[in-house]
Amino acid sequence: MNKVCAIFGGSRGIGRAVAQKGYRLAIISRNLEMARAAAGDLGAHNTGNHLAFSCDVAKEHDVQNTFEEMKKHLGQVNFLVNAAGVNRDSLLVRTKTEDMISQLNTNLLGSMLTCKAAMRTMIQQGGSIVNVDIIIGLKGNSGQSVYSTSKGGLVGFSRALAKEVARKKIRVNVVAPGFVHTDMTKDLKEEELKNSIPLGRLKLFLLKLLRWHMQLCFF
Ligand code: NAP
């Protein structure tokens with residue numbers, strides 16, 4: 001229980017599902033109450049093993065503060081999971097500029113900022129980073145051009161960073177699952193989602209597979 005794992009976007013959905021016991025966990029999201037609830041569900045919140053932090057990944061100052069707070073209360077971060085993300089699906093011609101900016105800032109810039117902040121300690125002690133992408137970032141999808149761009153950029157970023165820091169014993173992986181039932185997908189039509197999945201079904205148990213996959217990335 002000595003290793004510290006920071007999960008940005010850990011309050012709900014994929015980030016929450018991949019959180020597992022065996023680490024000192026930092027559960028991070030903008031909504032502190034939700035993050036606290038998630039940390040509490042993982043148990044031992046009041047022992048200080050799992051703590052919740054409020055942070056907007058799109059704000060550098062917030063990210064830096066969160067890393068300082070994590071260091072103070074949990075210790076240096078060994079593992080970083082970037083699962084904070086937003087989507088604002090619409091055809092490009094109907095997409096507001098502010099929605100473009102928020103998707104790029106959260107999904108792409110946010111992961112860059114957390115990785116940059118993590119480097120300060122990981123460069124000395126090593127570490128492992130998992131960036132959560134989506135298959136749409138590789139394939140593209142109608143109505144998701146900006147979301148796809150933010151996620152496609154994350155692949156390039158992760159691959160380049162992996163090459164940059166491998167000699168410092170820092171591993172950077174990116175996982176790109178298909179659609180998963182979460183708050184993010186609750187308004188999408190299930191039939192449309194199923195058509196894009198070879199097995200034709202959308203199940204939460206995919207999260208268990210993802211958790212194992214991410215565990216492999218850590219070791
Ligand atoms: P979700 O259920 O909506 O959860 C999103 C998480 O990100 C929440 O914890 C949310 O908390 C946090 N978040 C959002 N904006 C943030 C910000 N600016 N700063 C900090 N935290 C922020 O979404 P999800 O489906 O689990 O998606 C998680 C990640 O997996 C995303 O990057 C998504 O693109 C990717 N993904 C999703 C699917 C899918 O089908 N659902 C499939 C593959 C990959 P707050 O709102 O409180 O900040």
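Cut-offs used in this document
Residues numbered from 1 in each chain as written. Predicted model: local features only at pLDDT ≥ 70, side-chain atom pairs only at ≥ 80, totals over all residues. Heavy atoms only, no water. Near = heavy atom within 4 Å. Polar contact = N/O pair within 3.5 Å; in protein donor to acceptor, adjacent residues only side chain to side chain. Areas by Shrake-Rupley, 256 points an atom, 1.4 Å probe, with all protein chains shown as cover. Helix = DSSP H or I, 4+ residues; strand = E, 2+ residues; numbered from the N terminus. Nonpolar A, V, L, I, M, F, W, Y, C, P; charged D, E, K, R; others polar. Expected span 1.5 Å × (residues − 1). Bend = angle between axes of the 7 residues up to and from the residue. Buried < 20%, exposed > 50% of the residue type's maximum accessible area, 1.4 Å probe, protein only. Pairing = 2+ DSSP bridges. Core = buried A, V, L, I, M, F, W, Y, C linked by side-chain atoms within 4.5 Å. Contact = heavy atoms within 4.5 Å. pLDDT = per-residue confidence, 0-100. Phe/Tyr/Trp six-rings, centres within 6.5 Å; stacked < 30°, edge-to-face > 60°.

(A) Up close: the site of the ligand. Taken together, 29 residues form the shell around the ligand, and within it Ile14, Tyr147, Lys151, Val180 and Thr182 come nearest. Gly9 has a polar backbone atom sitting 3.3 Å from an oxygen atom of the ligand. For the ligand, an oxygen atom lies 2.8 Å from a polar atom in the side chain of Arg30. Bound to the protein, the ligand loses 97% of the 880 Å² it would expose on its own. Secondary structure elements with two or more residues in the shell around the ligand: α1 (13-18) and α6 (145-165). Considering only residue class, the shell around the ligand consists of 13 nonpolar, 10 polar and 6 charged.

(B) Quick peek at helix α4 (residues 97-125). In a regular helix each residue adds 1.5 Å, so 29 residues correspond to 42 Å; α4 covers 40 Å between its end C-alpha atoms and thus fits that length. Residue Met119 marks the point of greatest curvature in α4, where the axis turns by about 45°. Note on α4: the residue one or two positions beyond its end, Gly126, has a positive phi of about 80°.

(C) Examining the pairing of strand β1 (residues 4-8) more closely. Extensive coverage of β1 is indicated by the burial of 5 of its 5 residues. Of the two faces of β1, both are covered, the one formed by Val4, Ala6 and Phe8 as well as the one formed by Cys5 and Ile7. Summarising the sheet, β1 and strand β2 (residues 24-29) pair through 5 bridges and their orientation is parallel. Opposite Val4, over in β2, you have Arg24 as the bridge partner. Taken together, the 4 bridges between β1 and strand β4 (residues 79-82) define a ladder with parallel strand orientation. The residue of β4 that forms the bridge with Phe8 is Asn82.

(D) View of the nonpolar core. Counting residues in each nonpolar core, the largest one holds 30 residues, and the members touching the most others are Ala6, Phe8, Ile28, Phe67, Met70, Leu80 and Ile129. Mapped by element, the contributors of at least two residues to this core are β1, β2, β3 (50-54), α3 (60-73), α4, α6 and β6 (170-175). When residues in this core are grouped by element, the largest group, 7 residues, is from α4. Leaving out residues up to four positions away in the same chain, Phe8 has contacts with Ile28, Cys55, Val57, Thr66, Phe67, Met70, Leu80, Val81, Asn82, Ala83, Ala84 and Thr114. In this structure, Val18, Ala19, Leu25 and Val132 belong to the second largest nonpolar core, which totals 25 residues.

(E) Focus on the confidence of the model for the protein chain. Residues at a pLDDT of 70 or more form 93% of the protein chain, whose mean pLDDT is 90. Within the protein chain, the element-level pLDDT minimum falls on helix α7 (residues 190-195), averaging 71, and the maximum on α6, averaging 98.

(F) The arrangement of the packing of aromatic side chains in detail. In the structure shown here, the tally under the stated rule is 2 aromatic pairs. With a centroid separation of 5.9 Å and 20° between ring planes, the pair formed by Phe8 and Phe67 is classed as stacked. Here Phe67 lies in helix α3 and Phe8 lies in strand β1, a separation of 59 residues in the sequence. There is no split in this pair, since Phe8 and Phe67 are both buried. Consider the rings of Tyr23 and Phe79, whose centres lie 5.4 Å apart with planes at 85°: the pair is edge-to-face. On the criterion of sequence distance, the pair formed by Tyr23 in the loop between α1 and β2 and Phe79 in strand β4 is long-range, its members being 56 residues apart. For the pair Tyr23 and Phe79, one class covers both residues: buried.

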